[in-house]
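Close look at the chain arrangement
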Amino acid sequence: MGQTVDAASLTRWVREFRRAVAANRDLLTRLDSAIGDADHGINMDRGLAVVVAELERHPPSHVSVLLRDVGTTLMSAVGGASGALYGTFFLRMATAAGQQRSLEGPAFAQALRAGLEGVRRRGKAVAGDKTMVDALAPAVDALDVALAGGAGLGAALRGAALAARAGRDATTPMLARRGRASFLGERSVGHQDPGATSAALLIAAAATAFADVPG
Ligand code: ADP
Ligand code: MG
């Protein structure tokens, strides 16, 4: 389709993610207060504010440098498990992007999958463990299927965002097997996972940022 993701559109993605997290900060914190330590919204909001400030101070012109900078800042500026996991996600995307100046749809999807694999390896969560993986994995799968079927990146990401939301909703009846929520055992059942909720925002932000990526 000739649609590409470059440093400017990646910056839009990160800014849109930051905006969505800020708008949902209290929701994320409320969800984390039910099955965690009530810091997910605060962690993510504060960390992403630093990420966006850094991008403004030093706007990277190279895709992998931008993704690496975002990952590194998330690692250090977001507290808790989610900082390490989202940091790993972006660092693995950076490695997958390599020297490419811009990413076509399939290369962007490959980078997202590399990010997901990084989260899986670092957190050792599998599908159904009630974590961000339960939103990210169906999104990445839906993106691949849509792109393989000939969809443009914007449309494919809209489908991926729907899949992420469905994955997020599916965490509610799950029993947590990873992270702080797992300490609650059966009492974690009946609550939506905060990390899956922020992960659905991440994919929705991509759908917004890359809706009209120029060819
Ligand atoms: P913490 O649990 O350290 O307070 P946060 O509250 O910021 O960190 O993030 C909690 C979210 O992180 C959870 O809702 C879950 O989605 C995700 N998470 C925690 N541990 C793991 C893990 N091992 N693998 C994948 N995701 C995890
Ligand atoms: Mg927490």
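This report concerns the structure included in the present document.

Quick notes on the rules
- Residues numbered from 1 in each chain as written.
- Chains lettered and ligands numbered in written order.
- Predicted model: local features only at pLDDT ≥ 70, side-chain atom pairs only at ≥ 80, totals over all residues.
- Heavy atoms only, no water.
- Helix = DSSP H or I, 4+ residues; strand = E, 2+ residues; numbered from the N terminus.
- Buried < 20%, exposed > 50% of the residue type's maximum accessible area, 1.4 Å probe, protein only.
- Contact = heavy atoms within 4.5 Å.
- Areas by Shrake-Rupley, 256 points an atom, 1.4 Å probe, with all protein chains shown as cover.
- Lys, Arg positive; Asp, Glu negative; His and termini not counted.
- Charge placed at Lys NZ, Arg CZ, Asp CG, Glu CD.
- Phe/Tyr/Trp six-rings, centres within 6.5 Å; stacked < 30°, edge-to-face > 60°.
- Near = heavy atom within 4 Å.
- Polar contact = N/O pair within 3.5 Å; in protein donor to acceptor, adjacent residues only side chain to side chain.
- Nonpolar A, V, L, I, M, F, W, Y, C, P; charged D, E, K, R; others polar.
- Donors = N, O, S within 2.8 Å, 3.2 Å for Na, K, Ca; no water.
- Axes fitted to C-alpha atoms, helices over the stretch in contact; angles between N-to-C directions.
- Parallel < 35°, antiparallel > 145°, perpendicular 65-115°, else oblique.
- Left-handed = near helix turned anticlockwise from the far one by under 90°.
- Core = buried A, V, L, I, M, F, W, Y, C linked by side-chain atoms within 4.5 Å.

If you tally the helices and strands in the protein, you get nine helices and two strands. Tracing the protein from N to C terminus, the helices and strands come up as β-α-α-α-α-α-β-α-α-α-α. Reported as C-alpha extents along the three principal axes, the dimensions of the protein are approximately 50 × 40 × 30 Å. Within the protein, the fraction of its 215 residues that count as buried is 52%. Contacts in the protein between residues at least 24 apart in sequence constitute 72% of all its contacts with a sequence separation of at least 6. Put simply, the protein shows about 9200 Å² of open surface, and 54% of that area lies on carbon and sulfur atoms. The protein carries 24 positive and 20 negative side-chain charges, and their two centres are separated by 2 Å.

Attention shifts here to the packing of aromatic side chains. This model, assessed by the stated rule, comprises six aromatic pairs. Among the aromatic side chains, those forming a connected cluster through ring pairs are Trp-13, Phe-89, Phe-90, Phe-108 and Phe-210.

Near ligand 1 there are 20 residues, and of these Ala-81, Ser-82, Gly-123, Asp-193 and Gly-195 occur at the shortest range. Contact distances for ligand 1 include 2.9 Å between an oxygen atom and a side-chain N or O atom of Asp-37. A distance of 2.8 Å is found between an oxygen atom of ligand 1 and a backbone nitrogen or oxygen belonging to Ala-81. Relative to its unbound accessible area of 560 Å², ligand 1 is 93% covered by the protein chains. Elements with a contribution of two residues or more to the shell around ligand 1: α3 (40-57), α5 (80-97) and α9 (194-209). Per-element tally for the shell around ligand 1: the top contributor is α5, with four residues. Of the residues contributing to the shell around ligand 1, the split by class is six nonpolar, eight polar and six charged.

Distances from the magnesium ion (ligand 2) to its protein donors, Asp-32 (OD), Asp-37 (OD) and Asp-39 (OD), fall within 2.0 to 2.2 Å. In primary sequence terms, the donor set of the magnesium ion (ligand 2) follows D-x4-D-x1-D. The partly exposed category is assigned to Asp-37, whose relative accessible area is 32%.

One can describe the packing of α5 onto α9 by two numbers: an axis separation of 12 Å at closest approach and a directional angle of 30°. When the axes of α5 and α9 are compared, the pair comes out roughly parallel. By crossing handedness, the relation of α5 to α9 is classed as right-handed. In contact with Tyr-86, Phe-89 and Phe-90 of α5, α9 contributes Gly-195, Ser-198, Ala-199 and Leu-202. In the contact of α5 with α9, the residues fall into five nonpolar, two polar and no charged.

Another aspect to go through is the nonpolar core. Looking at soluble globular proteins, one finds that nonpolar side chains tend to be buried together. Trp-13, Phe-108 and Phe-210 are the most contacted members of the largest nonpolar core, which has 63 residues in total. The set of elements that each furnish at least two residues to this core consists of α1 (7-23), α3, α4 (63-77), α5, α6 (105-123), α7 (133-148), α8 (153-170) and α9. The dominant element in this core, judged by the number of residues it contributes, is α9, at 11 residues. Each residue touching Phe-108, except ones within four places of it in the same chain, is listed here: Val-5, Leu-10, Trp-13, Met-93, Leu-103, Leu-153, Leu-157 and Phe-210.

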